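Single-letter residue listing:
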Amino acid sequence: MIIVNAEVSEIVELGNSIFLIKVHAPKIARESTPGQFCNIKVSESNFPLLRRPFSICEVKGDFVSFMFNVLGEGTRNLAHKKVGDALDILGPLGNGFKFDDDYETAVFVAGGLGAAPFPFLTGKIPEGRKLLSFIGGRSEKDLITYGMKNTLLSTDDGTKGFKGNVVELLEAKKELLDESKIKVFACGPTPMLRAVKEFCLKYGYNCEVSTECAMACGFGICQGCPIQAEDKEGYYLVCKDGPVFNINKVVL
Amino acid sequence: MIIVNAEVSEIVELGNSIFLIKVHAPKIARESTPGQFCNIKVSESNFPLLRRPFSICEVKGDFVSFMFNVLGEGTRNLAHKKVGDALDILGPLGNGFKFDDDYETAVFVAGGLGAAPFPFLTGKIPEGRKLLSFIGGRSEKDLITYGMKNTLLSTDDGTKGFKGNVVELLEAKKELLDESKIKVFACGPTPMLRAVKEFCLKYGYNCEVSTECAMACGFGICQGCPIQAEDKEGYYLVCKDGPVFNINKVVL
Amino acid sequence: MTKKDVENVETTVDLSVKIGSMKLKNPVMLASGTVGYGNEISNLTDLNRIGAVVTKSVSLKPRKGNPPQRIVETASGMLNAIGLANVGVEEFIRTKIPFLRQFDTNIVCNIAASSIDEYVECTRMISPEETIKAFEINISCPNVKEGGLMFGHDLKAVAEITRRVKAVTDKPVIIKLSPNVSDIAAFAKVVSEEGGDAVSAINTLVGTSFNIYTRRPKIFNVTGGLSGPAIKPVALAKVLEIKRKVDIPIIGIGGIMNWQDAAEFMIVGATAFEIGTVNFINPNAGVEISDGLWEYCRKMNIRKISDLTGSYVI
Amino acid sequence: MTKKDVENVETTVDLSVKIGSMKLKNPVMLASGTVGYGNEISNLTDLNRIGAVVTKSVSLKPRKGNPPQRIVETASGMLNAIGLANVGVEEFIRTKIPFLRQFDTNIVCNIAASSIDEYVECTRMISPEETIKAFEINISCPNVKEGGLMFGHDLKAVAEITRRVKAVTDKPVIIKLSPNVSDIAAFAKVVSEEGGDAVSAINTLVGTSFNIYTRRPKIFNVTGGLSGPAIKPVALAKVLEIKRKVDIPIIGIGGIMNWQDAAEFMIVGATAFEIGTVNFINPNAGVEISDGLWEYCRKMNIRKISDLTGSYVI
Ligand SMILES: Cc1cc2nc3c(=O)[nH]c(=O)nc-3n(C[C@H](O)[C@H](O)[C@H](O)COP(=O)(O)OP(=O)(O)OC[C@H]3O[C@@H](n4cnc5c(N)ncnc54)[C@H](O)[C@@H]3O)c2cc1C
Ligand SMILES: Cc1cc2nc3c(=O)[nH]c(=O)nc-3n(C[C@H](O)[C@H](O)[C@H](O)COP(=O)(O)OP(=O)(O)OC[C@H]3O[C@@H](n4cnc5c(N)ncnc54)[C@H](O)[C@@H]3O)c2cc1C
Ligand SMILES: Cc1cc2nc3c(=O)[nH]c(=O)nc-3n(C[C@H](O)[C@H](O)[C@H](O)COP(=O)(O)O)c2cc1C
Ligand SMILES: Cc1cc2nc3c(=O)[nH]c(=O)nc-3n(C[C@H](O)[C@H](O)[C@H](O)COP(=O)(O)O)c2cc1C
Ligand code: FES
Ligand code: FES
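Model, not experiment: these values are computed from the prediction. (Residues numbered from 1 in each chain as written. Chains lettered and ligands numbered in written order. Predicted model: local features only at pLDDT ≥ 70, side-chain atom pairs only at ≥ 80, totals over all residues. Heavy atoms only, no water.)

Caption draft 1: Highlighting the site of ligand 3. Within the structure, ligand 3 sits among 25 residues, and C:S32, C:S57, C:K176, C:G255 and C:T277 are positioned closest to it. With respect to ligand 3, its neighbouring residues span chains B and C. In this structure, an oxygen atom belonging to ligand 3 sits 3.2 Å away from a main-chain N or O atom of C:I202. Taking C:G276, its main chain carries an N or O atom lying 3.0 Å from an oxygen atom of ligand 3. Alone, ligand 3 offers 610 Å² of accessible surface; in the complex the protein occludes 98% of this. Residue classes in the shell around ligand 3 are distributed as 8 nonpolar, 15 polar and 2 charged. (Near = heavy atom within 4 Å. Polar contact = N/O pair within 3.5 Å; in protein donor to acceptor, adjacent residues only side chain to side chain. Areas by Shrake-Rupley, 256 points an atom, 1.4 Å probe, with all protein chains shown as cover. Nonpolar A, V, L, I, M, F, W, Y, C, P; charged D, E, K, R; others polar.)

This is the structure in structure tokens:
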């Protein structure tokens with residue numbers, strides 16, 4: 001966990017106001033593990049005031065990438081960054097996915113921008129394990145397959161792939177999951193994570209989800225990011241205890 | 001007085017963080033007279049909140065230019081504008097210089113960025129009148145001669161021209177002013193304007209000064225910009241009654 | 001509007017609201033002290049499309065206001081200490097009212113005073129003017145010693161002002177509350193009990209700013225009133241607090257920059273709202289906010305915007 | 001430092017200040033609730049270079065805090081309603097104090113309570129801990145019913161809390177005042193009269209924010225506390241008001257982002273200051289502010305930073 005002033009080395013629009021920004025940040029690159037995030041200062045002034053959290057999307061050598069969607073002022077500022085600009089990044093933060101425990105097939109479930117942490121995770125899955133990526137979006141233009149392998153797609157409006165949500169797609173392709181011992185890694189909007197949790201509990205799959213919450217600090221000092229614990233009284237902090245949790249630990 | 005969304009057609013650094021920005025604003029160009037100003041929105045967000053006032057520096061056809069100094073957040077934003085960007089401009093505002101009354105020589109006195117309104121004014125001085133421009137700055141690099149004619153220079157540190165302030169230069173070159181009926185037009189920091197006023201009162205010169213004041217609206221609705229009146233009780237508003245005043249009207 | 005919209009009468013939205021007997025074509029009001037007497041801003045926006053215009057505070061005698069510097073910008077806000085510069089009641093009646101008469105909007109006269117008698121006297125003098133449709137009593141100007149702030153912090157004074165001003169006019173009386181108190185709802189309650197038609201909340205928060213090199217205050221009056229987006233969360237909380245405790249129409253004020261902010265104020269309890277600082281930045285904001293609210297209501301299937309008032313879900 | 005500086009002893013600046021018997025190496029304090037118990041932030045800044053660290057409010061029993069959402073950003077500010085989530089006195093003594101012991105800084109224990117007895121009891125329990133150098137009594141948390149806000153608005157309660165807490169500890173007692181009152185100086189006066197060593201001002205302003213589509217509050221607790229640059233002008237005015245009326249050391253708090261802001265607080269009357277929200281954005285801000293103040297003092301020829309306190313020119 002450090003703060004660096006990283007130089008932007010690339011920024012590309014993947015389409016539909018989704019951007020990929022790549023920065024030169026050797027120390028963060030070295031320390032990071034998939035599922036962790038960084039808290040990024042998106043302006044040089046006090047407006048917007050707070051940093052903005054983004055999953056680490058990819059690490060290549062000394063370079064770290066983030067994938068983001070232009071939603072408000074903060075991400076709009078980020079989208080205006082140019083190659084050579086400096087970006088003030090605090091990270092890596094939180095706990096990532098456990099990708100080296102006991103399973104044969106890694107199943108990724110991504111809803112919309114939930115795809116962000118998976119390119120990094122995909123590259124880290126140990127040799128010899130199988131990969132399956134279930135990717136959902138509202139419409140064809142919302143599907144993000146960047147950096148992912150063996151993709152199965154769903155859209156709410158049926159413009160591409162399976163018509164329905166990504167958990168319905170999982171259910172429909174359930175036979176693919178029966179072949180081996182699987183572990184599910186999910187990231188996306190909370191309602192999707194809730195459905196994934198239910199699905200995994202039903203079939204007894206091991207599952208980790210990457211959660212989201214409004215954040216101020218991102219590293220445990222403000223207590224702004226509670227998530228209700230399932231295995232104890234009270235709350236976990238998304239930024240410090242998460243953002244990745246096993247589904248048995250949290251109420252979604 | 002209108003609000004336009006004008007396209008930036010040129011932005012150049014004149015040196016020492018002084019910039020000239022040129023926008024395509026036909027309606028403002030048509031209505032403007034030298035000494036007037038525009039109130040410019042320097043960010044797309046609420047930060048900085050208020051518009052920033054700038055003198056109209058030059059009008060050429062459908063184009064209007066402003067000269068500015070990078071001081072704080074607002075002018076920093078402005079300096080980052082690129083050709084093709086839109087600029088939200090309210091203007092022209094206030095009352096300009098009376099440049100067509102009875103005089104033979106127009107004497108411009110500029111301190112630092114006070115040079116801003118003079119390129120426009122220089123071009124409007126009626127045919128046949130003489131021009132003399134006294135320009136002062138702290139140091140050589142602060143001297144702005146852009147768009148001005150027949151310049152005499154002074155610097156506080158003596159790095160260029162006369163060593164001393166610009167009013168001392170005026171006094172030193174007094175004989176140049178004895179030749180004809182003169183009118184003094186001055187713009188610069190308030191202490192300089194005060195000295196110019198004193199100088200002009202001493203010799204009985206007609207003189208107009210362009211004043212400054214913190215402003216919110218720039219067009220008379222906030223009452224935020226008072227300047228003490230000399231010829232009546234109370235205050236004038238710099239934005240509406242000025243920014244140009246005859247020295248007999250205001251206490252500097 | 002598209003052709004489909006025009007055909008579909010269901011999409012019509014009623015933006016009108018009422019404050020006492022005053023009917024506003026839409027809930028947008030221009031706040032006192034931020035549009036003068038309407039002259040200058042009428043060049044930059046269409047006042048006929050605004051629900052009401054509140055005049056700069058008028059006092060019995062003209063006031064020249066504070067020396068410079070009167071304003072300073074702060075983070076997402078500004079401090080002002082204008083010092084109630086105004087032309088005085090007589091000049092107001094003689095030159096300002098005739099100008100305002102031309103607009104198809106409600107003119108609300110805001111009154112500031114340094115004694116209870118002066119509030120009453122001003123109201124009495126202006127009340128016969130047909131152009132004036134309501135009074136807003138400024139008991140909360142923080143920027144002059146006699147600006148009413150001491151009244152705004154005194155429940156008994158507020159009660160007496162409300163009662164006595166109501167007694168000299170048939171027009172709606174709105175009391176503009178100070179936010180710089182522990183319990184704003186108590187003040188709203190007193191206004192309601194004494195027959196006031198509405199309260200407006202909030203006036204500016206007391207603030208200051210110093211130059212660290214000269215160690216002098218940046219504004220001549222030392223302290224000023226903080227307005228703009230910075231104060232919006234505080235203003236919303238004050239409106240909500242009044243709404244939850246007192247049954248009186250509220251005019252929401254504080255940091256409104258766009259229709260989203262305006263809708264937020266209505267949801268937490270405002271019947272109408274005033275926009276202040278934004279007029280300096282975007283003089284056409286009132287019209288844009290009215291249009292934005294219309295569109296919002298249409299999309300949200302709200303037929304009458306008055307249904308939005310206090311419709312929060314807690 | 002350049003060689004010339006080192007040679008010239010005249011350029012040395014004394015940044016130390018005192019709050020009661022507590023000596024701070026510099027006036028920078030990290031505000032309660034914005035650095036937890038120091039653990040996480042110590043990875044990102046050098047706590048040995050900070051004047052004092054104020055712990056997250058501790059209450060007698062652990063509190064799990066409010067459900068999400070607890071925070072929301074506003075214009076140049078943020079609202080929080082954490083709900084005083086904390087580990088409780090016992091766990092605080094058992095696990096937090098030992099960690100804090102390692103740092104060469106002053107640890108100030110901030111206490112929240114829902115009864116006067118509880119304030120006294122917490123202080124009594126923690127007072128023997130050598131690591132704790134002073135107490136800050138939070139009588140002004142706006143985010144839980146029993147967070148003390150009702151005390152913070154009640155002069156008699158504040159008097160009693162000050163008197164009774166002082167009676168159970170020899171360490172300096174700082175009372176953290178609520179800004180949500182009409183007359184903050186009256187509270188400072190009571191603290192001074194009852195022997196309190198200092199007041200800190202301000203805690204957050206009550207604010208709220210609603211989602212205009214769901215019409216629900218954005219934070220679970222409905223209202224929250226507003227902090228950050230947005231409130232700086234208000235905080236400065238409160239500090240100035242206290243300074244002008246009451247002779248008691250003041251710890252200035254509210255919206256400090258950099259050394260310039262910190263200097264402004266000292267000029268209007270603060271002996272020391274706390275930084276809160278900025279820690280979330282720049283965890284090293286405290287050290288940078290200390291360095292900035294040193295440089296400012298050197299340039300301005302201020303030998304002892306304590307000379308800056310209340311040095312305003314009005
Ligand atoms: C641990 C973590 C990891 C994240 N990783 C990524 C990532 O890799 N890529 C990415 O694009 N985003 C990610 N996010 C979300 C990202 O932080 C927000 O999109 C961003 O803060 C929005 O900032 P803004 O200023 O543009 O929008 P704001 O102005 O803050 O908000 C604009 C609109 O977006 C909504 N909004 C804000 N945050 C979220 C959110 N988290 N989810 C849904 N709606 C929101 C707001 O309610 C508002 O309506 C992550 C968030 C967390 C907590
Ligand atoms: C009628 C009028 C015409 C003007 N014309 C021009 C012009 O043509 N070119 C130009 O560069 N500027 C001009 N100015 C000044 C210009 O408006 C300010 O420089 C600008 O507002 C600074 O904005 P900022 O956000 O960059 O600085 P801020 O963040 O607002 O201020 C940064 C620093 O600069 C100081 N400062 C701010 N305004 C002024 C000022 N007016 N004079 C001296 N110091 C100031 C502040 O005190 C602060 O220390 C004019 C002002 C007025 C009232
Ligand atoms: C420059 C200025 C002058 C003001 N003058 C008055 C006034 O004369 N009378 C009054 O009741 N309120 C006055 N106000 C307060 C506004 O009417 C309004 O209550 C306040 O600005 C908050 O709204 P805003 O955040 O939208 O500006 C003034 C505000 C500003 C900014
Ligand atoms: C997330 C958060 C939590 C806070 N928790 C506490 C607390 O537990 N006790 C307390 O006395 N103040 C608490 N505060 C208030 C701060 O200590 C400080 O008074 C306030 O934030 C204003 O300072 P700032 O603008 O620098 O943040 C909290 C503030 C924030 C932002
Ligand atoms: S975001 Fe601050 S504790 Fe999690
Ligand atoms: S700047 Fe608003 S009246 Fe002059």
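Caption draft 2: Focus on the relation of the copies chain C and chain D. The transform that puts chain C on chain D rotates by 180 degrees and translates by 0.0 Å along the axis, for an RMSD of 0.0 Å. Taken together, the rotation and translation relating the two chain copies correspond to the operation of a two-fold axis. Taken as a fraction of all interface residues of chain C, those also at the interface in chain D reach 100%, which identifies the copy contact as same-surface. (Least-squares fit on C-alpha atoms with pLDDT ≥ 70 in both. Contact = heavy atoms within 4.5 Å.)

Caption draft 3: Just the pairing of strand β10 (residues 151-155) of chain A, in detail. Residue and element names in this part refer to chain A. With respect to burial, β10 is a largely interior element, 4 of its 5 residues being buried. Sheet topology note: the β10/strand β11 (residues 162-163) ladder contains 2 bridges and is parallel. Residue pairing for β11: S154 is matched across the bridge by F162. (Buried < 20%, exposed > 50% of the residue type's maximum accessible area, 1.4 Å probe, protein only. Helix = DSSP H or I, 4+ residues; strand = E, 2+ residues; numbered from the N terminus. Pairing = 2+ DSSP bridges.)

Caption draft 4: Representation of the environment of D:S76 in the model. Looking at where D:S76 falls in the secondary structure, it is placed in the loop between β5 (71-74) and β6 (77-80). For the pair formed by D:S76 and D:I184, sequence separation is 108 residues and the distance between their alpha carbons is 24 Å. Sequence-distant contacts of D:S76, defined by excluding residues within four places in its chain, comprise A:N46, A:F47, A:L49, B:F47, C:A75, C:S76, D:S227, D:G228, D:P229 and D:A230. There is a polar contact of 2.6 Å between the side chain of D:S76 and the side chain of C:S76.

Caption draft 5: Highlighting the interface of chain C and chain D. Listed by partner, the interface residues are 45 residues for chain C and 45 residues for chain D. Between chain C and chain D, the buried area comes to about 3,600 Å², and carbon and sulfur atoms account for 68% of it. When the area that chain C buries against chain D is broken down by residue, the three leading residues are C:F210, C:I212 and C:R215, summing to 20%. Our count for the contact surface shared by chain C and chain D stands at 13 residue pairs in polar contact (both at pLDDT 80 or more). Elements with a minimum of two residues in the side of chain C that touches chain D: β11 (205-208), α7 (232-245) and α8 (259-267) of chain C. Among the elements that take part in the side of chain C that touches chain D, α7(C) stands out by supplying 6 residues, more than any other. Among the residues forming the side of chain C that touches chain D, the class breakdown is 29 nonpolar, 11 polar and 5 charged. (Buried area = accessible area lost by both parts, 1.4 Å probe.)

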